[in-house]
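Residues per chain are reported as follows:
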Amino acid sequence: ARCEMMVFSTLRFDQLDLNRTKAEGVAALRKFLEYAEGRTRALEAAEINGQSDADGIARAIQAALKEHGFEADLNVGRSEYRIDIGIIDPAAPDTYLLGILLDGPSYGAAKTTRDRELAQIGVLQGLGWNILRIWTMDWWDNSEKELNRIVRHLQDVEKQAKTPKPAAAP
């Protein structure tokens, strides 16, 4: 399921009327079917309980990136390993160039240090994500330095994507 998923359903997402029920399961099924039909961008910014989970620093970074020509989504993902900021690849708008993890609510919700520092990053990298960690205090102390670090990292990722891979040995 990490590489491909096929969904067979006799229901379409628009056949589930959320005005007739308040069940969270029905709402989740509708969102999943909408995603499976390709109606929403893969790993789009999600909302939890109707409220954005993104905090002020994520919004500040998103705004600063926009000033540098990069579009970004907040609270990206559908699992417990959500990415605080997903920077959209301008060459392929349905994908992300870089995921930024902050030390906000999702960081604090991890049960162990191993979960926070190794497991989450390892799983996301295994799924093909380029990950960068930004610490809140570093952002508040010198946001320009951190923004430059993000932009340099994005430029490196873009260069790697454009560099042809050498042919495998026979």
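Because the structure is predicted, anything quoted here is derived from the model rather than measured.

**Quick word on the pattern of salt bridges**
Part 1 of the reasoning: Considering all chains together, one arrives at three salt bridges under this definition.
Part 2 of the reasoning: We note a salt bridge from Arg-12 to Asp-14, for which the minimum N-O separation is 3.6 Å.

**Observations concerning the sheet that holds strand β3 (residues 92–102)**
Part 1 of the reasoning: Pairing within the open sheet is mixed, and its four strands lie in the order β1-β2-β3-β4. Every interior strand has two partners, whereas the edge strands, β1 (72–76) and β4 (131–134), have only one. Neighbouring strand axes in the sheet, compared pairwise and without regard to direction, differ in orientation by 35° on average.
Part 2 of the reasoning: Alignment of β3 against β4, held across four bridges, turns out to be parallel. Looking at β4, one finds that Ile-100 is bridged to Leu-132.
Part 3 of the reasoning: Its contacts with the sheet place helix α6 (residues 143–162) against β2 (83–89), β3 and β4, and it is angled at close to 175° to β4.

**As for unusual backbone geometry**
Part 1 of the reasoning: In this model, Asn-75 sits at a positive phi of 55°, which is unusual for a non-glycine residue.
Part 2 of the reasoning: Checked against the element boundaries, Asn-75 lands in strand β1.
Part 3 of the reasoning: For Asn-75, a relative accessible area of 5% corresponds to the buried category.

**Regarding the pairing of β3**
Part 1 of the reasoning: In terms of strand pairing, β2 meets β3 through five bridges, oriented antiparallel. Residue pairing for β3: Ile-88 is matched across the bridge by Tyr-96.
Part 2 of the reasoning: In sequence, β2 turns back onto β3 through a hairpin of two residues.

**Brief notes about helix α1 (residues 24–36)**
Part 1 of the reasoning: Taking 1.5 Å per residue, 13 residues should reach 18 Å; α1 reaches 18 Å between its end C-alpha atoms and fits that length.
Part 2 of the reasoning: Backbone geometry just downstream of α1 places Gly-38 in the positive-phi region, at approximately 80°.

**Topic: the packing of aromatic side chains**
Part 1 of the reasoning: The final tally for this structure, using the stated rule, is one aromatic pair.
Part 2 of the reasoning: Both rings, one in Tyr-96 and one in Trp-129, keep their centres 5.3 Å apart while their planes meet at 25°; by these two values the pair is stacked. With Tyr-96 in strand β3 and Trp-129 in the loop between α4 (113–126) and β4, this residue pair connects regions lying 33 residues apart in the sequence.

**Quick notes on the pairing of β2**
Part 1 of the reasoning: Of all seven residues in β2, seven are buried; the element is thus mostly enclosed.
Part 2 of the reasoning: When β1 meets β2, the two strands line up antiparallel, connected through four bridges. If you follow Asp-73 over to β2, its bridge partner there is Gly-86.

**Details of the confidence of the model for the protein**
Part 1 of the reasoning: With 72% of its residues at a pLDDT of 70 or more, the protein shows a mean pLDDT of 78.
Part 2 of the reasoning: The lowest-confidence element of the protein is helix α3 (residues 105–109), averaging 56 in pLDDT; the highest-confidence one is helix α2 (residues 56–67), averaging 92.
Part 3 of the reasoning: Long-range and interchain partners of residues 42–54, a stretch whose pLDDT sits below 50, account for 29 contacts in this model, where long-range means more than four residues apart.

Rules behind the numbers
- Residues numbered from 1 in each chain as written.
- Predicted model: local features only at pLDDT ≥ 70, side-chain atom pairs only at ≥ 80, totals over all residues.
- Heavy atoms only, no water.
- Salt bridge = Lys/Arg side-chain N within 4 Å of Asp/Glu carboxyl O.
- Pairing = 2+ DSSP bridges.
- Helix = DSSP H or I, 4+ residues; strand = E, 2+ residues; numbered from the N terminus.
- Axes fitted to C-alpha atoms, helices over the stretch in contact; angles between N-to-C directions.
- Contact = heavy atoms within 4.5 Å.
- Buried < 20%, exposed > 50% of the residue type's maximum accessible area, 1.4 Å probe, protein only.
- Expected span 1.5 Å × (residues − 1).
- Phe/Tyr/Trp six-rings, centres within 6.5 Å; stacked < 30°, edge-to-face > 60°.
- pLDDT = per-residue confidence, 0-100.

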